[in-house]
Amino acid sequence: MSVSRLLERLLQTLPVLLGVSLIVFLMITLTPGDPVEIMLADSRATPEQAAQLRADLGLDRPLPERFLVFLGNALTGDFGISFFHRRPVWDVIAERLPATIELTLAAILLAIAVAIPLGVIAAVKRDTWIDRTLTAVSLFGVSLPGFWFGILLILLFAVQLGIFPVGGRTSFDLEVTRVTGFLVLDSIIAGRADALLAALRHLALPAITLGLPTAALLARVVRSSMAEVLTSDYVLFAEAKGLSHRRVLLRHALKNALIPVVTVAAIETGSLLGGNMIVETVFGWPGLGRLVVESIFARNYPLVQAAVLLYAVTYVMLNFTADLLYTALNPKVRL
Amino acid sequence: MSATIAEDAPVSPLRLGLDRFAGNRTALVAAALIMLFILAALAAPLIAPHDPADADLFRRLQPPAWQEGGDWAFPLGCDSLGRDMLSRLLYGARVSLMVAALVIGIAAVIGTLAGLAAGYLRGWTDTLISRLVDTLLGFPYLVFAIGLMAMMGPGLHNIVLVLIYKEWVFSCRVVRGETLAAREQDYVEAARALGCGTRHIMLREILPNVLSPVLVVATFRMAYVIIMEASLSFLGLGVQPPTPSWGSMVSDGREHLVDAWWVSTLPGLAILALVLSINLASQGLRDAFDPRLHQA
């Protein structure tokens, strides 16, 4: 893809990013209730002090001006002070981000690892009982409420069987020095096998909870795109040439069938950001999702606002990436 | 003679679709299950054995009737406040189905009208609506809903509003696409040539032709909305106590996973059964009403 085409596509996301920021800005601004009152709820501030704070926060300015200030601040990563933590919002978020990214990556990798073989099998054996069973299982998977699935997993694998821990990110006694914030990586860097094992065991159930419904969805995409490719002329030709079935399947068909899968996987990674809030709450996973849910109840609005904006921008950029990948991988779209 | 005419009479696409749907056993069973849920929800005040809010700590975490310590007066056991699980499940169905019906109903009307306007009028109307749609699609659904609920405060009324804010986008996209295609078709050209007004063409000519995709989209979105409501209620952002919601019931049971499995498990099963039925039925509808699948 040419650079100009890339820039053009990037420019197209600008109105969306602007619209998203406007909605996030309005979410707080149009909320009934005075943020200053909420901030000063527990203190004995005088009306003059309240007025001073309102002016400091720029709340006495007209709305359009406040939006511009909000945009400028957001671009420089300045989301104000988290009143609960008494530290800049961005610092608090950055601290929690690796845990969320780690979980999301684990979930999407798991989903891909499960979905590709199942989807391929269903496509090869299409219209047999295997195909029908896999279709039924995947419909079951997309109908599972994530929060309940997580609880079932805890009940079965943590409470009953005791194979995995109930929640959290690692055991108390196995903390390693924080380098990247990704516990799996940090454990490897520290050369601690026990810490790595603990991190992976803690990661397992949340990643399964988050990943399996996505696997169900992806498997359906793999199945339908593989089924389409398998009936195409070039695959028939490859078979006619006398290439082995296995070789045709893996070297010829799969490569093309995976194009839509990559796209859907990128988009789904974005959707997992929402699912994170639920899964992190269920498993007590110390990531951004749980922080947001806690902040809502603590009425820590600047943090909620910043996190929602971060999620949305990430989502838009992932969609953009999905688009790019689709164009880059698919020679038919390349103009 | 009259018999021949009856045989030759053209069959409406709706009739054809319904016939196809009736031939799909899985979809029929799923539809019957959905009807059962709806009936149970409607009749909850009549058939619920107890008041869903009636707490009694003597019955705290009483197991289902078939387990030791159970009592057939409380067939599915009691929760941590000693409230009857069955009654709460029945009343919870009302919340889930009511939210789903309201959200999907209102969102479908808004989305259809917006989609018609965008697709038929084009120009700045289309630009405005399409930009809004793109922007709303720029949020992961749950993030959008959680963010707004956080600001607006929990409650049934706010859940419905928040979900509608985003949900209309899905029918709007479908209708806009269909309208853009319909715009160029002969019947619309003909209506225009006859001097019909814009409103007449949009509502009388195009609308009836885009309704079946809206119906299909609406049913499968309904499953999604039910999970959204349950998720928000699970987080404590949705329906507030003492009104029972399946999502908040699952959350209540988290504390008692070890000693009382039924408190979390049963409402979760109810959500799964309803959502799975809706997904199966909507797949049946899609198969029955999507003409592209039947052209061959």
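Residues numbered from 1 in each chain as written. Chains lettered and ligands numbered in written order. Predicted model: local features only at pLDDT ≥ 70, side-chain atom pairs only at ≥ 80, totals over all residues. Heavy atoms only, no water.

Named according to an unreviewed UniProt entry, chain B is Peptide ABC transporter permease originating from Neoroseomonas lacus. In its Subcellular location (unreviewed entry) section, UniProt records this for chain B: "Cell membrane". Recorded in UniProt under Sequence similarities (unreviewed entry), the annotation for chain B is "Belongs to the binding-protein-dependent transport system permease family." (UniProt positions renumbered as here; feature names shortened; annotations may be inferred.)

A.B. asks: Sorry if this is basic, but what is going on with the overall build of chain B here?
C.D. replies: Of the regular secondary structure elements, chain B holds 12 helices and 0 strands. Secondary structure elements of chain B, listed N to C terminal, follow the sequence α-α-α-α-α-α-α-α-α-α-α-α. Projecting the C-alpha coordinates of chain B onto the three principal axes gives extents of approximately 75 × 60 × 30 Å. Expressed as a percentage of its 296 residues, the buried residues of chain B come to 51%. Across chain B, contacts joining residues at least 24 apart in sequence account for 71% of those joining residues at least 6 apart. When the accessible surface of chain B is summed, it comes to about 13900 Å², and 64% of that surface belongs to carbon and sulfur atoms. (Helix = DSSP H or I, 4+ residues; strand = E, 2+ residues; numbered from the N terminus. Buried < 20%, exposed > 50% of the residue type's maximum accessible area, 1.4 Å probe, protein only. Contact = heavy atoms within 4.5 Å. Areas by Shrake-Rupley, 256 points an atom, 1.4 Å probe, with all protein chains shown as cover.)

A.B. asks: Sorry if this is basic, but what is going on with a positive patch on the surface here?
C.D. replies: Residues Lys241, Arg247, Arg251 and Lys255 of chain A make up a contiguous surface patch of positive charge. Tracing the chain through its elements places Arg247 of chain A in helix H11 (residues 245-283). (Patch = residues over 30% accessible without salt bridge, like charges linked within 9 Å, V, L, I, M, F, W, Y side chains within 5 Å. Salt bridge = Lys/Arg side-chain N within 4 Å of Asp/Glu carboxyl O. Lys, Arg positive; Asp, Glu negative; His and termini not counted. Charge placed at Lys NZ, Arg CZ, Asp CG, Glu CD.)

A.B. asks: Quick question: what am I supposed to make of the environment of Ser231 of chain B here?
C.D. replies: On the secondary structure map, Ser231 of chain B appears in helix H10 (residues 198-234). For Ser231 of chain B, a relative accessible area of 5% puts it in the buried group. C-alpha separation for the pair Ser231 of chain B and Leu142 of chain B, spaced 89 residues apart in sequence, amounts to 8.5 Å. Among residues more than four places away in sequence, those in contact with Ser231 of chain B are Phe147 and Ile278 of chain A together with Leu142 of chain B.

A.B. asks: Can you help me understand helix H8 (residues 156-183) of chain B in this one?
C.D. replies: Since the α-helix advances by 3.6 residues per turn, residues separated by three or four positions end up pointing in the same direction. For H8 of chain B, which comprises 28 residues, the first-to-last C-alpha distance of 39 Å matches the rise-based estimate of 40 Å (1.5 Å per residue) to within 8%. Tyr165 of chain B marks where H8 of chain B bends most, by close to 35°. (Expected span 1.5 Å × (residues − 1). Bend = angle between axes of the 7 residues up to and from the residue.)

A.B. asks: Help me out: how do you make sense of the interface of chain B and chain A in this one?
C.D. replies: By a frequent convention, interface size equals the accessible area lost on bringing the separate parts together. Listed as interface residues are 40 residues of chain B and, on the opposing side, 42 residues of chain A. Summed over both partners, the interface of chain B with chain A comes to about 3500 Å²; 83% of that surface belongs to carbon and sulfur atoms. Taken together, chain B and chain A are joined by 4 residue pairs in polar contact (both at pLDDT 80 or more). At the level of secondary structure, the elements contributing two or more residues to the side of chain B that touches chain A comprise helix H6 (123-137), helix H7 (141-152), H10, helix H11 (246-252) and helix H12 (261-289) of chain B. (Buried area = accessible area lost by both parts, 1.4 Å probe. Polar contact = N/O pair within 3.5 Å; in protein donor to acceptor, adjacent residues only side chain to side chain.)

A.B. asks: Help me understand the nonpolar core in this model?
C.D. replies: Across soluble globular proteins, nonpolar side chains show a tendency to be buried alongside one another. In this structure, Phe147 of chain A together with Leu163, Trp168 and Trp246 of chain B are the most contacted members of the largest nonpolar core, which totals 144 residues. Considering every element that reaches this core, the biggest residue donor is helix H5 (residues 85-121) of chain B, with 16 residues. Residues in contact with Phe147 of chain A, not counting those within four places in the same chain, are Ile278 and Val282 of chain A together with Ala230, Ser231, Phe234, Gly247, Val250 and Ile271 of chain B. Ala227, Ala238, Val248 and Ala265 of chain A belong to the second-largest nonpolar core, a separate cluster that totals 23 residues. (Core = buried A, V, L, I, M, F, W, Y, C linked by side-chain atoms within 4.5 Å.)

A.B. asks: How should the packing of H11 of chain A against helix H13 (residues 301-329) of chain A be read in this particular structure?
C.D. replies: When two helices pack together, their arrangement is captured by the angle between the axes and the distance separating the axes. Residues and elements named next belong to chain A. It is at 7 Å that the axes of H11 and H13 come closest, and there the two elements cross at 170°. The angle between the axes of H11 and H13 places the two elements in the roughly antiparallel class. Between H11 and H13, the contacting residues are Ile259, Val262, Thr263, Ala266, Ile267, Thr269, Gly270, Ser271, Leu273 and Met277 on the first element and Tyr311, Thr314, Tyr315, Leu318, Asn319, Ala322, Leu325, Tyr326 and Leu329 on the second. When its residues are assigned to classes, the contact of H11 with H13 shows 13 nonpolar, 6 polar and no charged. (Axes fitted to C-alpha atoms, helices over the stretch in contact; angles between N-to-C directions. Parallel < 35°, antiparallel > 145°, perpendicular 65-115°, else oblique. Nonpolar A, V, L, I, M, F, W, Y, C, P; charged D, E, K, R; others polar.)

A.B. asks: Just checking my understanding: could you explain H10 of chain B for this structure?
C.D. replies: Residue and element names in this part refer to chain B. Taking 1.5 Å as the rise per residue, H10 with 37 residues should run 54 Å; its terminal C-alpha atoms sit only 46 Å apart, a clear shortfall. When the local axis directions of H10 are compared, the greatest deviation, roughly 55°, occurs at Leu207, which is followed within four positions by the proline Pro208. Downstream of H10 by a residue or two, Gly236 has a phi angle that is positive, lying close to 90°.

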